[in-house]
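Structural overview
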Amino acid sequence: MEILVCIKQVADDSVEIFMNESTGRPALEGVEKVVNAFDTYALEMAARLKEAKGDTAISVLSLGGEDVTNSLKNCLAVGADEAFCVKDGNYQEKDAVIVAQALTKAIQEIEAKRGKKFDIIFCGKETTDFATGQVGIMLADELNYGVVTNLVDIDTETGKVIAKKETETGYEKVELASPCVVTVNKPNYEPRYPTIKSKMAARKKEITEISVEVVNESPVKEVQLFSPPKRQAGVKIKAGTAEEIVAQAIQKMLEAKVF
């Protein structure tokens, strides 16, 4: 079985990001770049599927700048066997349509050189920087593949994928033919950490650069980026009996026109 995991390098989401008022863009100078969190879940799910099924190879692919090789090396240290990249210094300016088209061209080129298709293409359900949640679905559309979103578990049988997806009302079991695209939500486990041995092995592996034409103009236009409004401090009611506290709380909500 051939598996591909598409990843994106993003600013570390554990760091609070502020807007640069002079440029109108996020101030990312000095912020560490890491693999998008949902993509790490996708890679971990793929690695567990490989361990369960055997005879499986995992490749990773990313559209990114010169330093994207760092994130791809990290992926090689935690389960990926081979890594590919499409270099584009302005990848952060590309919308979901352009990214999906570029990834499609790269996938088709890799498959043509290998003479075989990927059986499953994994994506994170969204990125932590723009969180559109659209690239995986658009990628499936470009490839004319079936797609299942928000996976929390996966299994395979001959010629098909059995997916457990999370919905607003619970979980659904979905079966679809391969090749296909799946997008991964947070499962009930965390991504594995690399070992010193796996890090050393990853350093020796080459990142294969794929040259494809990346479109620069899109029908989607960004109008404005702005910071979300800051949350106002809450009100603490410290004194009084239980009845008095409830009455005060209701009065505060009436004043705030909550109801």
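Predicted model, so just to flag it, every value in this text is computed and none were measured.

Our next topic: the pattern of salt bridges. When charged atoms on two side chains of opposite charge get close, those side chains can pair. One pass over the full model with this rule turns up 20 salt bridges. Where Lys160 meets Glu157, a salt bridge forms, and the shortest distance between an N and an O atom there is 3.6 Å. Take Glu157: its relative accessible area is 46%, and that puts it in the partly exposed class. As a salt-bridge pair, Lys186 and Glu190 come within 2.8 Å of each other at their nearest N and O atoms. A network of salt bridges, in which partner residues are shared, links Glu2, Glu82, Arg114 and Lys116.

Moving on to the packing of aromatic side chains. Within this structure, the stated rule accounts for one aromatic pair. With a centroid separation of 5.9 Å and an interplanar angle of 70°, the aromatic rings of Phe38 and Tyr41 are classed as edge-to-face. Residue Phe38 and its partner Tyr41 are located together in helix H1 (residues 37-53), separated by three residues, close to a single helical turn. Of the two residues, Phe38 and Tyr41, neither departs from the other in class, the shared state being buried. The positively charged end of Lys164 is found above the aromatic ring belonging to Tyr171, 4.5 Å away from the centroid.

As a further point, take the UniProt feature "domain: Electron transfer flavoprotein alpha/beta-subunit N-terminal" (unreviewed entry) in the protein chain. UniProt records the feature "domain: Electron transfer flavoprotein alpha/beta-subunit N-terminal" (unreviewed entry) at residues 23-219, using the numbering of this structure. Across residues 23-219, helical content stands at 32% and strand content at 30%; the span's end C-alpha atoms are separated by 23 Å.

Taken in spatial order, the nine strands make up an open sheet running E11-E10-E9-E12-E8-E1-E6-E7-E13, and their pairing is mixed. With one partner strand each, in any of the chains shown, strand E11 (170-177) and strand E13 (207-209) form the two edges of the open sheet. The average angle at which neighbouring strand axes cross in this sheet is 35°, direction not considered. By the bridge criterion, six bridges tie strand E9 (residues 146-157) to strand E10 (residues 160-167) in an arrangement that is antiparallel. Note that in E10 the partner of Leu151 across the bridge is Lys165.

Here the structure, examined in full by the defined rule, presents zero disulfides. For the unlinked cysteine Cys6, the closest cysteine sulfur is that of Cys123, found at 4.3 Å. Residue Cys123 is classed as buried on the basis of its relative accessible area of 5%.

About the cut-offs
- Residues numbered from 1 in each chain as written.
- Predicted model: local features only at pLDDT ≥ 70, side-chain atom pairs only at ≥ 80, totals over all residues.
- Heavy atoms only, no water.
- Salt bridge = Lys/Arg side-chain N within 4 Å of Asp/Glu carboxyl O.
- Buried < 20%, exposed > 50% of the residue type's maximum accessible area, 1.4 Å probe, protein only.
- Phe/Tyr/Trp six-rings, centres within 6.5 Å; stacked < 30°, edge-to-face > 60°.
- Helix = DSSP H or I, 4+ residues; strand = E, 2+ residues; numbered from the N terminus.
- Lys NZ or Arg CZ within 6 Å of the ring centre and 35° of its normal.
- UniProt positions renumbered as here; feature names shortened; annotations may be inferred.
- Pairing = 2+ DSSP bridges.
- Axes fitted to C-alpha atoms, helices over the stretch in contact; angles between N-to-C directions.
- Disulfide = S-S within 2.5 Å.

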